[in-house]
Amino acid sequence: MTFTRADLLATAERSPAAASARDRNAWVGLFTPNGTVEDPVGSRPHRGTAAIGRFYDTFIGPRDITFHRDVDIVVGTTVIRDGQLEVTMASALTLRVPVYIRYDLQDEAGQLKIAALSAFWELPAMVGQFLRGGIRAVPAGLGLSQLLLTNQGPAGTLGFLSGLGGMGGGGKRLFARFLDDACGGDEVGMRRRLAGQAHITSGDDLQLSAADLLRHLSGARWRKLIGSGHAVVAATERAGQRSVILAEVGSEPAALKRIRVFSDAG
């Protein structure tokens, strides 16, 4: 079955709509039986209907969550949403979390379902907001800790906290310098940040050369840099065309080993 861009966007939109309505059955029912949630990217993924239900019970159901959309990009059956999460932890404590959310969709008996949800946001920054809440954050923190241990168990709690790791600030600085060079049209500087066999694609599959990437980024402006796990994500805009760039950072020495460009004209 062929699905339109509007179909794909409508499916992605059902996720924040169900979360905002606190409709557990609707939210969990959006996923394929073997679907995954990695939220944030870098933490341990939740696989399958039962695990996704426990994820909902831990992180979504007990609180008010609103997604503020900036831009949506559709490439193939992938939707990338650039926006901000507004999470009300308690009456006097609301967190605002910049995020990119990737939805990988697939046809399930003629109906679009989410095969994978990947949320790129910075857990350390969210924890910092939480701590700045001071005494107001204590009840919410205790409540979240109890839900984590009850629904995820000790191993799941550690799996969530693994999202605090990742590449550190060095990967973000590397990608920022790369974007400065590429957007400024500096091919030599841009190539210096790439690993020797860096894999560059439009979406996941369409091969691009470094020269293709430079043509796409030269003259653009970039913003909203997020490091999540071993991925770094940023948004770019040039002449009204907006893109989201996903990069994977390798080490020893640090270099960009994988770059995906998501851009559409919708």
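As a reminder, the structure under discussion sits directly above these lines.
Residue numbering note: each chain is counted from 1, following its sequence as written. Selection of residues for local features in this predicted model requires a pLDDT of at least 70, selection of side-chain atom pairs for listing and counting requires 80 or more, and totals for whole chains, interfaces and linings are taken over all residues. Side-chain measures were taken over the full set of non-hydrogen atoms in the model, leaving aside hydrogen atoms and water.

Residue-level account of the environment of Gly170, with values.
We count a stretch as a helix when DSSP gives it H or I for four or more residues in a row; a strand needs E for two or more, and each element gets its number in order from the N terminus. If you trace the backbone, Gly170 turns up in helix H6 (residues 169-183). Categorising residues by exposure relies on relative accessible area from a 1.4 Å probe, with only protein chains included: less than 20% of the type maximum marks a residue as buried, more than 50% marks it as exposed, and the intermediate range marks it as partly exposed. What makes Gly170 partly exposed here is its relative accessible area of 33%. Sequence spacing of Gly170 and Ala254 is 84 residues, and the spatial spacing of their C-alpha atoms is 8.3 Å.

Quick rundown of the pattern of salt bridges? Include the residues and the values.
A pair can form between side chains of opposite charge whenever their charged atoms are brought close. For this document, the term salt bridge refers to a Lys or Arg side-chain nitrogen within 4 Å of an Asp or Glu carboxyl oxygen. Tallying each qualifying case throughout the model produces 18 salt bridges. Notably, a salt bridge pairs Arg191 with Glu187, separated by 2.9 Å at the nearest N-O pair. With a gap of four residues between them, Arg191 and Glu187 both fall in helix H7 (residues 187-192), about one helical turn apart. According to the relative accessible area criterion, Glu187 is partly exposed, its value standing at 32%. Residue Asp212 pairs with Arg215 through a salt bridge whose shortest N-O separation is 2.3 Å.

Go over the environment of Phe59 with me, naming the residues and quoting the values.
Turning to its location among the elements, Phe59 is positioned in helix H3 (residues 48-60). C-alpha of Phe59 to C-alpha of Leu148: the two residues are 89 residues apart in sequence and 8.5 Å apart in space.

Got a sec to walk through the sheet that holds strand S3 (residues 64-75)? Specific residues and values, please.
The pairing of strands in a sheet comes from backbone hydrogen bonds and takes either a parallel or an antiparallel form. Between any two strands, at least two bridges found by DSSP are needed for them to pair. The strand order across the open sheet built from six strands is S2-S1-S6-S5-S4-S3, with neighbouring strands paired in mixed fashion. The sheet is open, and its two borders are formed by strand S2 (46-47) and S3, each paired with just one other strand. Two strands pair when backbone bridges link them, and strand S1 (residues 31-38) and S2 are joined in this way by two bridges, in the antiparallel orientation. Considered in S2, the bridge of Thr36 is made with Arg47.

Talk me through the pairing of strand S4 (residues 78-90); I want residue IDs and the actual numbers.
Consecutive side chains along a regular strand alternate between the two faces of the sheet. Bridge count for S3 against S4 is 11 bridges, and the pairing is antiparallel. Bridged to Asp72 within S4 is Arg81. Two successive antiparallel strands, S3 and S4, enclose a turn made up of two residues, where Gly76 displays a positive phi of approximately 60°. As paired elements, S4 and strand S5 (residues 93-108) share 12 bridges and run antiparallel to each other. In the sheet register, Arg81 faces S5, and the bridge partner there is Ile101.

Now, about the packing of aromatic side chains: what can you tell me, with residues and values included?
Two aromatic rings from Phe, Tyr or Trp, using only the six-membered ring of Trp, form a pair when their centres are within 6.5 Å; if the ring planes differ by under 30 degrees the pair is stacked, by over 60 it is edge-to-face, and anything between is tilted. Under the criterion given, the structure shown has six aromatic pairs. With a centroid separation of 5.9 Å and an interplanar angle of 40°, the aromatic rings of Trp27 and Tyr56 are classed as tilted. Here Tyr56 lies in helix H3 and Trp27 lies in helix H2 (residues 24-28), a separation of 29 residues in the sequence. You'll find Trp27 and Tyr56 in the same group, each marked buried.

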